[in-house]
Amino acid sequence: MKFTVKKDVIIKPLQLVSTPATGPAGANPAPVYSNVLLDVRQDHLRMVCVDERTEMEVTVGQLSGVEPGATTVNARMLLDSCKTADKGEVISFEQNDGDPQVKVSSGNAAVTLVSIDADHFPNVKNIKQIASFSISESVLRKVINSIAFSMGDKDMRTFLNGMMLGMSGDQLILATTDAHRLSCRTLKLDEPVSMAQNAAVESGDANPGDGKTDLQVIIPRQSVLELSKLLSDSKEKIEVIVGLNNIKIVTPEFSYVTRLVDAKFPVFAQLFPRDSDLLCEVLMPCDLLRSAIQKVAVINSENKVTNARASCFLSPGKFEIMFENNRRETARDSFQITYQGDNRQFSINYNFVQQILGSCDQSYMKLRLAEKSAVFESPDNKPGSELRYLVMLIKS
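Below you will find a few notes about this structure. What you are looking at is a predicted structure, and each value in this text was computed from that prediction instead of being measured.

## Topic: the packing of helix α1 (residues 7-17) against helix α2 (residues 75-83)
- One can describe the packing of α1 onto α2 by two numbers: an axis separation of 10 Å at closest approach and a directional angle of 150°. As summarised for this structure, α1 and α2 are arranged roughly antiparallel, according to the angle between their axes. Of the two elements, α1 crosses α2, and the hand of that crossing is left-handed. Residues Lys 7, Ile 11, Leu 14 and Gln 15 of α1 form the contact with α2, whose own contacting residues are Leu 78, Leu 79, Cys 82 and Lys 83.
- Per-class residue counts for the contact of α1 with α2 are five nonpolar, one polar and two charged.

## Brief notes about the packing of aromatic side chains
- If you walk through the whole model with that rule in mind, you get five aromatic pairs.
- With a centroid separation of 5.3 Å and 40° between ring planes, the pair formed by Phe 319 and Phe 335 is classed as tilted. Taken together, the residues span a long stretch of sequence, with Phe 319 in strand β21 (residues 318-324) and Phe 335 in strand β22 (residues 330-336) at a distance of 16 residues. We note that Phe 319, like Phe 335, is buried.
- With a centroid separation of 5.5 Å and 90° between ring planes, the pair formed by Phe 323 and Tyr 350 is classed as edge-to-face. Pair noted here: Phe 323 is in strand β21 and Tyr 350 is in helix α6 (residues 350-359), with a separation of 27 residues, a long-range link. Pair check on accessibility: Phe 323 and Tyr 350 agree, each one buried.
- Taking the ring centre of Phe 352 as reference, the NZ or CZ of Arg 181 above it sits at 4.1 Å.
- For the cation-ring pair, Arg 388 lies above Phe 272, with the distance from its terminal atom to the ring centre recorded as 5.3 Å.

## Some points on the sheet that holds strand β12 (residues 171-177)
- If you trace the eight strands from one edge of the open sheet to the other, you get β15-β11-β12-β13-β26-β25-β24-β19, paired in antiparallel fashion. The two strands at the open ends of the sheet, each matched to only one other strand, are β15 (215-220) and β19 (280-285). Pairwise comparison of adjacent strand axes, ignoring direction, gives a mean angle of 20° for this sheet.
- In terms of strand pairing, strand β11 (residues 162-168) meets β15 through six bridges, oriented antiparallel. Following the sheet pairing, Met 167 is matched in β15 by Leu 215.
- Most of the contacts of helix α4 (residues 221-230) go to β15, to which it runs at about 80°, and overall it touches β11 and β15.
- Sitting on the sheet, helix α5 (residues 286-296) touches β19, β24 (364-369) and β25 (373-377), and the angle it makes with β19 is about 85°.

## What to know about the nonpolar core
- Counting residues in hydrophobic clusters, the biggest one holds 64 residues, and the most contacted among them are Met 47, Leu 78, Met 167 and Leu 172.
- Among the elements that take part in this core, α1 stands out by supplying six residues, more than any other.
- Once residues within four sequence positions are removed from consideration, Leu 78 is found in contact with Leu 14, Val 36, Leu 38, Val 73, Phe 93, Val 104 and Leu 113.
- Counting residues in hydrophobic clusters, the runner-up holds 39 residues, among them Ile 293, Ile 321, Phe 346 and Tyr 350.

## Some points on the side chain of Glu 377
- Here Glu 377 lies in strand β25.
- Exposure remark for Glu 377: the relative accessible area of 6% places this residue in the buried category.
- Among residues more than four places away in sequence, those in contact with Glu 377 are Met 365, Lys 366, Arg 368, Leu 387 and Arg 388.

Calculation criteria
Residues numbered from 1 in each chain as written. Predicted model: local features only at pLDDT ≥ 70, side-chain atom pairs only at ≥ 80, totals over all residues. Heavy atoms only, no water. Axes fitted to C-alpha atoms, helices over the stretch in contact; angles between N-to-C directions. Helix = DSSP H or I, 4+ residues; strand = E, 2+ residues; numbered from the N terminus. Parallel < 35°, antiparallel > 145°, perpendicular 65-115°, else oblique. Left-handed = near helix turned anticlockwise from the far one by under 90°. Contact = heavy atoms within 4.5 Å. Nonpolar A, V, L, I, M, F, W, Y, C, P; charged D, E, K, R; others polar. Phe/Tyr/Trp six-rings, centres within 6.5 Å; stacked < 30°, edge-to-face > 60°. Buried < 20%, exposed > 50% of the residue type's maximum accessible area, 1.4 Å probe, protein only. Lys NZ or Arg CZ within 6 Å of the ring centre and 35° of its normal. Pairing = 2+ DSSP bridges. Core = buried A, V, L, I, M, F, W, Y, C linked by side-chain atoms within 4.5 Å.

Here it is in structure tokens:
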């Protein structure tokens, strides 16, 4: 195996593909999981990294002096070796037949890395496709970032530790919950989801109403967080391929495969209060609400997400928020709103509200208050394209 490539060409793809292999020390159970597969063809280099949950693959062109072959070397060491090359410098990779070492050189510097035979690299089987759809890369990234914060973390109920993806016709629904709050986003695709005839059909919520999805899967929490970092703001279409046990995201820069959570997401449509159950509805300016929360939070010395109970008061033309800490110190703030209903008082975790405001790019959010919950939703919601957040109220 032999080839040369410019540092500027290989460094970014190598950083991307190394994600599964360069995690915390001891995260991978076998040495080969810490390696990157270098598969050199006549006109391109295919690089693959895997762990027990995911597979990342990138392809690099613009090679020269190619002698085809395949091997694996430690991903972190290879990445660090390539980083030391000067900008624009050519990096040479070479391994002679039968030699257990790979030589990586640039300029006057050279590093030899111990390899593991490519035959021992984990072979991730092809996905048995049951559904696929195309979506703008920036749209998928924005949707993930708007709801990822309410996923469960290491919960014994495994269906909470991830993001639900539901598909029905030309509509997607994505939802996350940790049993204390729920985030839900629906959006309309340019083209309907391509569904295999033998797809395993599972019943679920197509929207926070009475619809049904044709297929529903759960993407693991860690994979969702990784995707939020890997996806870019490009408006180019990417392909999402859903299998029975895994899902694959294919972009112009990389392909990412992750195992799915073997569980069913809870039915949540009935959690959203009906119009007849609402106590009041008011349009909240996000900047003023965010500022008020920050002002009352200054006395929360413990700064814990769970120790953030705030009392809220609605009265005609005014919203007031008050927080009391363990030392019985209090902080208050208020601002004007366009509300002419009855006086209302409720208690809510202000950290949950803060995360909602930090995850959406709305100027206003509509607050729909019920006896046991508060729903924050975009005032721009329309059928097929909705953004909703539900937070359970704290009992007095």
